[in-house]
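Structural overview
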Amino acid sequence: MPNSPPNLITTPPWQQMIHWIADPLAFQDRYSREYGDIFTMRLGKVGTYVVLSSPAAVQDIFNQDAKFDIGRGNAIAEPLIGKNSLMLMDGDRHRQQRKLLMPPFHGERLQTYAHQICQITQQAIAQWSTGQTFVARSAMQVISLEVILKIVFGLSDGQRYQQLKPLLADWLDMTDSPLRSSLLFLRFLQRDWGSWSPWGRMKQRQRQVHELLQAEIAERRTQGDTGRTDVLSLMMAARDEAGEAMSDEALKDELLTILFAGHETTATTLAWAFYQIHQHLDIRQKLLQELASLEEFTPTTAARLPYLSAVCQETLRLYPVLPVIFPRIAKSSVKVGGYEFEAETILMASIYLVHSREDLYPQAHTFRPERFLERQYTPAEYLPFGGGSRRCLGYALAQLEMKLVLATVLSQYQLALAAAKPVKIQRRGFTLAPAGGVQLRVVSKIS
Ligand code: HEM
């Protein structure tokens, strides 16, 4: 990094920290207006970050991912996901672990999940009745939690499943507002003073979840090979290059990593999709027409629909659940976006700012799925799932799930927004979500 970091924000770091936790989008709007495509923010002890938003700089980062420590930059998530998480690994260890975890989330295996996703959705919506109102985000979280529990954990019934489900939901809800999210950023709040302190309660839930997962792993070990295809079974059967199996601790940490990374993100994006589809009835109409044009509704045919895909892409563009990619810590000096940065500089590409660029997305704050039918975007111009060596492990599963849930719900129910007021974006832990979760009303059941 040059002697002084580029465009260093001069506001006191504690003020920047509060602003970043409370409203990371307003924060980025303000300083990108002031400084353009690059600025440096200081978040006190959490760190100093160079935020970049030109596609050229993003491309430089993705091309040179091997020059950064990224797991180390995610240390802030350790208290939640555990120290053996893929997200916290670097170098060879990270590469090997990704190789092990990738196959279950891609290619043929993914297709076998498609039916399960449709079934889970069907079950979740079967009881909806005319006139009923519900919170879209919560309804979607029930579905996405069920998908992860079934596909990844291999659980879909039984006592352990019944105990785990509410416990996980409760645990995740503990950071559902900006104030409660500060727990994750401010170390001094991370004190376990028993179950009456917020951190104590969080840790208590975590212990309970770990105990249940440990019991599940122990049971599977005694069962031996049962031909199961869930991700936990695949992880238990895997061996590293030295022939070693994953330890119980490592298995639990990876399960929780996938749970944290995978289920809230997908549920939140789906809630935004429902919001936009029911704000723009022409979009809903086009989706229904496209669905009606299918000779036969199957998970495979539905997942291929171009307009449905464009609606999902546009939702992910306008509402990035993660406003920035994982921080990249330079291992040695590195050139990005025309700047030379010294070792230990932390760089962060802003998904939100790239997706808001008028030169790429005219009328960037308008929801217009057609833009994805009119042109192709490069990985540095469209990056809801990040990129380079860290590209989201679940990107294919998340997109498949979004399309199948939308197709299943829209073809069976006519819904409407239950409130006319615009829905604001609000921090929820490390992610951004719709404040209030988007209230929907069931107008009628179709057919
Ligand atoms: C709409 C849904 C989702 C969004 C928007 C999303 C977004 C992201 C982003 C931005 C990253 C960081 C990439 C980077 O820094 O370059 C990431 C990483 C990751 N995501 Fe997702 N994600 C979603 C769903 C999922 C799902 C369903 C899973 C698991 C089944 C998952 C698992 C992960 C994991 C494990 C990582 C860390 C990868 C690594 O460190 O190598 N995500 N995701």
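The structure this text deals with has already been given above.
Residues numbered from 1 in each chain as written. Predicted model: local features only at pLDDT ≥ 70, side-chain atom pairs only at ≥ 80, totals over all residues. Heavy atoms only, no water.

Per the secondary structure count, the protein chain includes 18 helices and 12 strands. In terms of overall size, the protein chain behaves like a compact globule, its C-alpha atoms giving a radius of gyration of 22 Å where 447 residues would be expected to give roughly 22 Å. In terms of overall dimensions, the protein chain has C-alpha extents of about 65 × 55 × 45 Å along its principal axes. In the protein chain, buried positions account for 55% of the 447 residues. Considering only contacts in the protein chain between residues 6 or more positions apart, those separated by 24 or more positions represent 72%. (Helix = DSSP H or I, 4+ residues; strand = E, 2+ residues; numbered from the N terminus. Rg over C-alpha atoms; globule rule 2.2 N^0.38 Å. Buried < 20%, exposed > 50% of the residue type's maximum accessible area, 1.4 Å probe, protein only. Contact = heavy atoms within 4.5 Å.)

Here the distance between the centres and the angle between the planes together describe a pair of aromatic rings. On inspection of all chains with the given rule, the structure shows 15 aromatic pairs. Ring centres of Trp272 and Tyr319 lie 3.8 Å apart, and the angle between their planes is 0°; on these two criteria the pair is classed as stacked. In this pair, Trp272 sits in helix H12 (residues 248-279) while Tyr319 sits in the loop between helix H15 (306-318) and strand E5 (328-330), placing the two residues 47 residues apart along the sequence. The pair formed by Trp272 and Tyr319 is uniform in burial state, with each residue classed as buried. Seen in terms of ring centroids, Tyr361 and Phe372 are 6.5 Å apart; in terms of plane orientation they differ by 40°. Their pairing is tilted. Of this pair, Tyr361 sits in the loop between helix H16 (351-355) and helix H17 (371-374) while Phe372 sits in helix H17, and the two are 11 residues apart along the sequence. For the pair Tyr361 and Phe372, one class covers both residues: buried. (Phe/Tyr/Trp six-rings, centres within 6.5 Å; stacked < 30°, edge-to-face > 60°.)

Our focus in this paragraph is the site of the ligand. Surrounding the ligand, one finds 28 residues, the nearest of these being His94, Arg98, Arg328, Arg390 and Cys392. In the model, an oxygen atom of the ligand is placed 2.7 Å from a nitrogen or oxygen of the His94 side chain. Within the backbone of Ala261, a nitrogen or oxygen atom sits 3.4 Å from a nitrogen atom of the ligand. Put simply, the parts of the chain that give the shell around the ligand at least two residues each are helix H5 (91-101), H12 and helix H18 (395-410). With six residues, H12 is the single largest residue contributor to the shell around the ligand. Residue composition of the shell around the ligand, by class: 17 nonpolar, eight polar and three charged. (Near = heavy atom within 4 Å. Polar contact = N/O pair within 3.5 Å; in protein donor to acceptor, adjacent residues only side chain to side chain. Nonpolar A, V, L, I, M, F, W, Y, C, P; charged D, E, K, R; others polar.)

Spatially, five strands are ordered E1-E2-E8-E5-E3 in an open sheet, and the strand pairing comes out mixed. Only two strands of the sheet have a single partner each, and these edge strands are strand E1 (38-42) and strand E3 (68-69). Here strand E2 (residues 48-52) pairs with strand E8 (residues 346-349) via four bridges, running parallel. Its bridge partner being in E8, Leu52 is matched across the sheet by Ala349. (Pairing = 2+ DSSP bridges.)

Mapped onto the fold, Ala237 is located in helix H11 (residues 231-237). Given a relative accessible area of 54%, Ala237 falls into the exposed group. With 16 residues separating them in the primary sequence, Ala237 and Arg221 have C-alpha atoms 10.0 Å apart.

A word on the sheet that holds strand E9 (residues 413-417). Strands pair in a sheet through their backbones, by hydrogen bonds, and they do so in one of two ways: parallel or antiparallel. Ordered by their spatial adjacency, three strands build an open sheet running E4-E12-E9, and the pairing between neighbours is antiparallel. Whereas interior strands pair on both sides, the edge strands pair on one side only; in this sheet they are strand E4 (133-135) and E9. Across the sheet, the mean angle from the axis of one strand to that of its neighbour is 40°, orientation sign disregarded. In this structure, E9 lies alongside strand E12 (residues 439-445), joined through five bridges in antiparallel fashion. Considered in E12, the bridge of Tyr413 is made with Lys445. (Axes fitted to C-alpha atoms, helices over the stretch in contact; angles between N-to-C directions.)

The buried count for E2 comes to four of five residues, which makes it a mostly enclosed element. Across five bridges, E1 lies against E2 in antiparallel orientation. Among the inter-strand pairings, Ile38 is bridged to a residue of E2, identified as Leu52. Where E1 hands over to E2, the hairpin turn is made up of five residues, of which Gly44 adopts a positive phi near 55°.

Interhelical geometry of H12 versus helix H13 (residues 281-292) gives an angle of 105° and a closest axis separation of 4 Å. Between H12 and H13, the angle falls in the class roughly perpendicular. Each of Ile277, His278 and Gln279 in H12 lies in contact with H13, whose residues at this interface are Leu281, Ile283, Arg284 and Leu287. Of the residues that constitute the contact of H12 with H13, the class distribution is four nonpolar, two polar and one charged. (Parallel < 35°, antiparallel > 145°, perpendicular 65-115°, else oblique.)

Protein coordination of the iron atom of the ligand rests on one atom only, Cys392 (SG), at 2.3 Å. Checked against the element boundaries, Cys392 lands in the loop between H17 and H18. (Donors = N, O, S within 2.8 Å, 3.2 Å for Na, K, Ca; no water.)

Everything listed here is a matter of coordinates, which is why it stays silent on function.
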